[in-house]
Amino acid sequence: MQYSEMQPIGELLKRERNIILKNADAASAKGFTMVPNFLLKSPKLSAGDKMTFAMLLSYAWQNDYCFPGQVRLGQDLGLHETNVRKHLKSLQANGLLTIQRRGQGKTNIYELNLKPKKL
């Protein structure tokens, strides 16, 4: 290709996409959750840890706090509550989560840290 035939990279990228978002209106009709890139790219966290944090974020965006039960978390994530507890412990160990226990029969309060020191 000669220099006169070359096209700006922006034009090429407009034509060649490796991710296509279809039905964006339908997908966003029930809301969506922004997840920080540091979390998505962290090698210290498992995929389950990342999804658990993302699910907690999805609960919290509306009220700045959340206290779903572990059964509810498990249902929404498609996991058994034993696995949910494992992911919650990992998030705590990595400085992303603080859990306030409220007593027997009550759900915990989860505080999400969006500026962890360890990651």
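What counts, and at which threshold
Residues numbered from 1 in each chain as written. Predicted model: local features only at pLDDT ≥ 70, side-chain atom pairs only at ≥ 80, totals over all residues. Heavy atoms only, no water. Salt bridge = Lys/Arg side-chain N within 4 Å of Asp/Glu carboxyl O. Helix = DSSP H or I, 4+ residues; strand = E, 2+ residues; numbered from the N terminus. Buried < 20%, exposed > 50% of the residue type's maximum accessible area, 1.4 Å probe, protein only. Axes fitted to C-alpha atoms, helices over the stretch in contact; angles between N-to-C directions. Parallel < 35°, antiparallel > 145°, perpendicular 65-115°, else oblique. Left-handed = near helix turned anticlockwise from the far one by under 90°. Contact = heavy atoms within 4.5 Å. Nonpolar A, V, L, I, M, F, W, Y, C, P; charged D, E, K, R; others polar.

**Brief notes about the pattern of salt bridges**
In step 1: In total, this model carries two salt bridges according to the counting rule given.
In step 2: Here D76 ties to R72 by a salt bridge, and the two come within 2.9 Å at their closest N and O atoms. Separated by four residues within a single helix, D76 and R72 lie in helix 5 (residues 70–77), roughly one turn from each other.
In step 3: Relative accessible area serves as the criterion here: at 34%, D76 is assigned to the partly exposed category.
In step 4: Among the salt bridges present, the one from R85 reaches E81, with a minimum N-O distance of 3.3 Å. Here E81 and R85 lie together in helix 6 (residues 81–93), a separation of four residues that amounts to about one turn.
In step 5: Under the relative-accessibility criterion, R85 is labelled partly exposed at 32%.
In step 6: Using a relative accessible area of 31% as the deciding quantity, one classes E81 as partly exposed.

**Side note on the packing of helix 4 (residues 47–60) against helix 5**
In step 1: Following both chains from N to C, one finds helix 4 and helix 5 inclined at 110°, their axes separated by 11 Å at the closest point. Relative to helix 5, the element helix 4 lies roughly perpendicular. Our pair here, helix 4 against helix 5, has a crossing hand that is right-handed. From helix 4, M51, T52, M55, L56 and Y59 reach across to helix 5, where they touch R72, L73, D76 and L77.
In step 2: Within the contact of helix 4 with helix 5, the residues separate by chemical class into six nonpolar, one polar and two charged.

**Quick notes on the environment of P68**
In step 1: Summarising the element assignment, P68 is placed in the loop between helix 4 and helix 5.
In step 2: You can call P68 buried: its relative accessible area is 11%.
In step 3: Linking P68 and I109, residues 41 residues apart in sequence, is a C-alpha distance of 7.8 Å.
In step 4: Beyond its immediate stretch of four places on either side in the chain, P68 contacts L56, Y59, L73, T107 and Y110.

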